[in-house]
Structures are given as structure tokens and as C-alpha cells.
Amino acid sequence: MVKPMIVESRQPVTGSGETTPSIRWALGGLSLSILLSSLGTSIANVGLPTLTEAFTASFQQAQWVVLAYLLAVTTLIVGVGRLGDIVGRRRLLLAGIALFTAASMLCGVAPALWLLIAARAAQGVGAAIMMALAMALVGETVPKARTGSAMGLLGTMSAIGTALGPSLGGVLIAGLGWRAIFLVKVPLGLLTLFLAHRYLPADRRTRATDRLSCDNRGTLLLALTLAAYALAMTMGHGSFRALNLALLLAGGVGAALFVLAEARAASPLIRLAMFRDPVLAGSLVMNVLVSTVMMATLVVGPFYLSRALGFDAALVGIVMSTGPVISALSGVPAGRIVDRFGATFIIVAGLIEMAAGSFALSVLPAMFGVAGYIAALVVLTPGYQLFQAANNTAVMMDVDREQRGVVSGMLNLSRNLGLVTGASAMGAVFALASATVDITTAHPEAVGAGMRITFAVAGSLIVVALVIAVGLRALSARPSLPGNAS
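Residues numbered from 1 in each chain as written. Predicted model: local features only at pLDDT ≥ 70, side-chain atom pairs only at ≥ 80, totals over all residues. Heavy atoms only, no water.

Novice: Report on the overall build of the chain, specifying residues and quantitative values.
Specialist: On a plain count of helices and strands, the chain comes out with 18 helices and two strands. Split into buried and exposed, the 486 residues of the chain put 52% on the buried side. Here the contacts in the chain between residues at least 6 apart in sequence split such that 82% fall between residues at least 24 apart. On the chain, roughly 20600 Å² of surface is accessible, and the fraction owed to carbon and sulfur atoms is 69%. (Helix = DSSP H or I, 4+ residues; strand = E, 2+ residues; numbered from the N terminus. Buried < 20%, exposed > 50% of the residue type's maximum accessible area, 1.4 Å probe, protein only. Contact = heavy atoms within 4.5 Å. Areas by Shrake-Rupley, 256 points an atom, 1.4 Å probe, with all protein chains shown as cover.)

Structure below.
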């Protein structure tokens, strides 16, 4: 049933596929939101050695500067998406940008490590809001015919933020000190806040009886569950100890309790019936698998380039930037291809390209060295951008308006879970395949063997995702068969 609602006057979405100046500025605000949140993830890692010296802290203590941000984003991204559905996505996005900007300032002036860690957690809360709601607001900002291009642009900005973080962070620390890596986000945050406030469409105000209620119990259970899982996968520097196992078990218990709570909730955070939709369920699983593989390139690549090929740190950084640069360049074209050929077809095409790239990483570097490594990335990375743009478009294009925030949060959550799992699980596969206790001292031949086996496993994961995609494509085509025609 269509619900009556009051729509405020500012509304940049047009019925045609035309992109007006106000839509472009609004999309600019959403793009900067994604850029800042991804930059917040990648820029702090390069500063850890400096932070240990500045605060006379151990590496384990300084690591919480990164971990606090990651945990905040991972645990809250679904909950803030749902909150946006309740209180208004534009209103909450503005609050998230303001929080991110203020926390960035606090990070930059923090006199103690504990305050820096607390500010990074607050920054992560803002980033979770920005990630979840930027994607959800695309449907209210751009014409439906341009959704794929908009998703491709957001993917490009995410890749730019990831690629820019380490290099920009290194330059800022060398020239201005570690505080600059946080303060640089303040003017960018203010610009993002201005664009979002000025050009994003006003929230649609529904009647009080139509408002969703907040599932506090489900939100808390999901946050605790995801925190336990993220900590289990990231603590211990690659070794899986009793604490990791206990956290993983706690995460499993929390997941079971969450499912029970959602089944009984009057207005659940995540409607379990949503997972009966094969498109949504399949898209989330594929997103986890694909993100796991992409994280493997960031985890395994540096060890292979340094240990097997003997490159120094500067050359490793240059070669490693190949993937993010290609990703940044291919994001917008990928979105336009999705608009042209349709999301379901491009999902399959992107996964085929990713499978070819993964298996190429398993074979070509051993044959052609760094040239084979780069050639494989040239195949793998555009396939990833095709998949991301098409998968996000397929899910978000037809989702009910009142569920856009939570579904966007679930897409981002599945990506984050894949990244966390890839860093731990694929790193463990690489260490096991290299047959060495300490990968930093492994022989070049052992590292090469680990590289081959790891990306053979990665290619197999993409094949699983491809099987899911082909099944979804066949399912979506079924109604068009003569026997099923209406």
C-alpha cells in the first residue's frame, strides 16, 4: 500500500536520465563522504611507527588507533543505516559528517594516546554513517537510469581514498608531523558538510503512524557480535590463540542470539525474511567472497614483491599502487557499462574477469616476474569495479525506500567482513602454503609457492561467487520464459 507523505520542496531527482547541476553537486557531497571514510581507514596505518615514538607506546597499543576505527565502522554500519531510515537519511548524514570532522580535529590535537584512540572511535562512528547513507541516498539524488554511473563514481572515490592514504600520509608525516594526517580531513569534512547541506534532497516526512521503531536489543547484539568477530580476526598479528577462539565462539553465540531476537522483535533491525530474496542474499555472499580476495592482494602482494622479487620498500609501494590506481580509473566507466548493459549481466562478466585475474596471479608472476604480477592486476581490478558497480546497483535500485539505509549498511558490512576475513584467513593460507613460521624470513621459493597456492584458492572463491551469480541470472530470467509469461 502506498503511504501518504509530505515531501519538502528541495528534490533534485528528475524523472529523466538528465543530470542537473544540483544533482552533480549533491553527488559530489556523497562522493566526498565515501572518499573521507576510506581515507580514514588507510591513512592512519602509515603513522603507526611515528605514533609509537610520539607517545612512547608499544606497537600493540598504537595499533588500537587503527583497530578502534575499524571496529566502530564494522559494528555500527547496519545500525546507523537503520537509524537513517527512521530519523531521516539526510539529517543523519549531516550529523555523521559533522562528527567525523570534529573527531578529526580532536585526533589532530590529542595530547595522549588514549584520547587519540577515543577520537578515532568517534571518527569511525561518523565514517559508518557516511558509508551507509551515501549509498542509500543515491536513489534519492540521481535518476534511476544513472544509478550505475553513480555507484561507479562512489567506487572510484573509495579506491582513490584507499590508494591516496599511504602516500599522502607519508608526505604529511615527513613534512608536518603525524597530527597533519588527521587535521587534513577537517577542511575536506567542512566542504563535504556544505555540499550535503546545500544540495542533498530534504528528508521525506511521514506520518507518525508510519515511522519505524528502533530495535535497540537487536542493534546491541549485532554490534557486540561483529565486535567479537572483528577482534577474533585481527588480534594476535596472524596467530590464532585461545583468546581469538574465545572471541570467535562469542561471536557465534551472539549471532544465534541476534537471530532469535530479530525473529521476536516487533520492528526488527534486519527483517530475516529479507534473506529469502535470492538477489539480496546472493549479493551479500558474493560481496564477502570478492572482498576477501581483494584483501588478499593487499596482504600477500607486499611479501611477494619484497621477499620473492627482492624489491625495496619504495618499489614495492609503487607496484602496489597499480591496483588502486586502475580501480580509480575504471570505477566511472564500470558504472556507465552497468547502465548500458544491465546489472545482472555485468555481475557475471565482472566475476569472470576477476576469476581470470586471480588465476593469473597464481601463474603469471612465476613466469614473468613483476610484469606478470602487474598484468594480472590489470585484469583483476577492472573486474572488481565492474562487479561492485553492478552488484550495488542490482541491490539498491529496487529496494523499498524505507529499507534503503539498512540494506546499504548490509552491503557495506558484507564488504568489511570480507576485508577482515581476507586479512586473516588469506594471510593464514599464504603462511601455511609458504611452509614457514615467520613469513618475513621465508626463502623466495617458499614465498613464490605461497603466492601460487593463495591465489589458486582466491580464484576458487571467485568461481563460487560466479556460480551464485549465474544461478541468480537464470532465476531472474525465468519469468520471461514462454511457459511463465503472464
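Having seen the structure, we can now continue with the description.
Novice: Break down the environment of Val370 for me, with residues and values.
Specialist: By the secondary structure assignment, Val370 is in helix α16 (residues 370-396). Separated by 51 residues in the primary sequence, Val370 and Val319 place their C-alpha atoms 8.3 Å from one another. With sequence-adjacent residues up to four places away left out, Val370 is seen in contact with Leu309, Phe311 and Val319.

Novice: For the packing of helix α7 (residues 147-176) against α16, give the residues involved together with the corresponding values.
Specialist: Helix-helix packing: each pair is described by the crossing angle between the helix axes and the interaxial distance. Packing of α7 against α16 leaves a shortest axis separation of 9 Å and a crossing angle of 130°. Put simply, α7 runs oblique to α16. The element α7 and its partner α16 pack so that their crossing is right-handed. Only Gln385, Ala389, Asn392, Thr393 and Met396 of α16 make contact with α7, whose side of the interface consists of Thr147, Gly148, Met151, Gly152, Gly155, Thr156 and Ala159. Per-class residue counts for the contact of α7 with α16 are four nonpolar, eight polar and no charged. (Axes fitted to C-alpha atoms, helices over the stretch in contact; angles between N-to-C directions. Parallel < 35°, antiparallel > 145°, perpendicular 65-115°, else oblique. Left-handed = near helix turned anticlockwise from the far one by under 90°. Nonpolar A, V, L, I, M, F, W, Y, C, P; charged D, E, K, R; others polar.)

Novice: Which residues make up the packing of aromatic side chains, and what values do they have?
Specialist: Here the structure, examined in full by the defined rule, presents five aromatic pairs. On the numbers, 6.1 Å between centres and 80° between planes, the contact of Trp178 with Phe182 is edge-to-face. For Trp178, a relative accessible area of 9% translates into the label buried. Owing to a relative accessible area of 0%, Phe182 belongs among the buried residues under this scheme. Both rings, one in Phe341 and one in Phe345, keep their centres 6.5 Å apart while their planes meet at 45°; by these two values the pair is tilted. Note on Phe341: relative accessible area 49%, which makes it partly exposed. Relative accessible area serves as the criterion here: at 39%, Phe345 is assigned to the partly exposed category. Within the aromatic cluster, the residues linked to one another by ring pairs are Phe55, Trp178 and Phe182. Positioned above the aromatic ring of Tyr199, the side-chain terminus of Arg198 is 5.0 Å from the ring centre. Residue placement shows Arg340 over the ring face of Phe341; its charged tip is 5.0 Å from the ring centre. (Phe/Tyr/Trp six-rings, centres within 6.5 Å; stacked < 30°, edge-to-face > 60°. Lys NZ or Arg CZ within 6 Å of the ring centre and 35° of its normal.)

Novice: Account for the side chain of Asn391, naming residues and giving values.
Specialist: Within the secondary structure, Asn391 is located in helix α16. Using a relative accessible area of 0% as the deciding quantity, one classes Asn391 as buried. What Asn391 contacts, discounting residues up to four positions off in sequence, is Ser283, Met286, Asn287, Ile347 and Leu411.

Novice: Tell me about the nonpolar core, and name the residues and values.
Specialist: With 58 residues, the main nonpolar core has Leu30, Val78 and Met396 as its most contacted residues. For this core, the element with the highest residue contribution is helix α6 (residues 113-141), accounting for twelve residues. When near neighbours in sequence (up to four residues on either side) are disregarded, Val78 contacts Leu222, Leu269, Ile270, Val406, Gly409, Met410 and Leu413. (Core = buried A, V, L, I, M, F, W, Y, C linked by side-chain atoms within 4.5 Å.)

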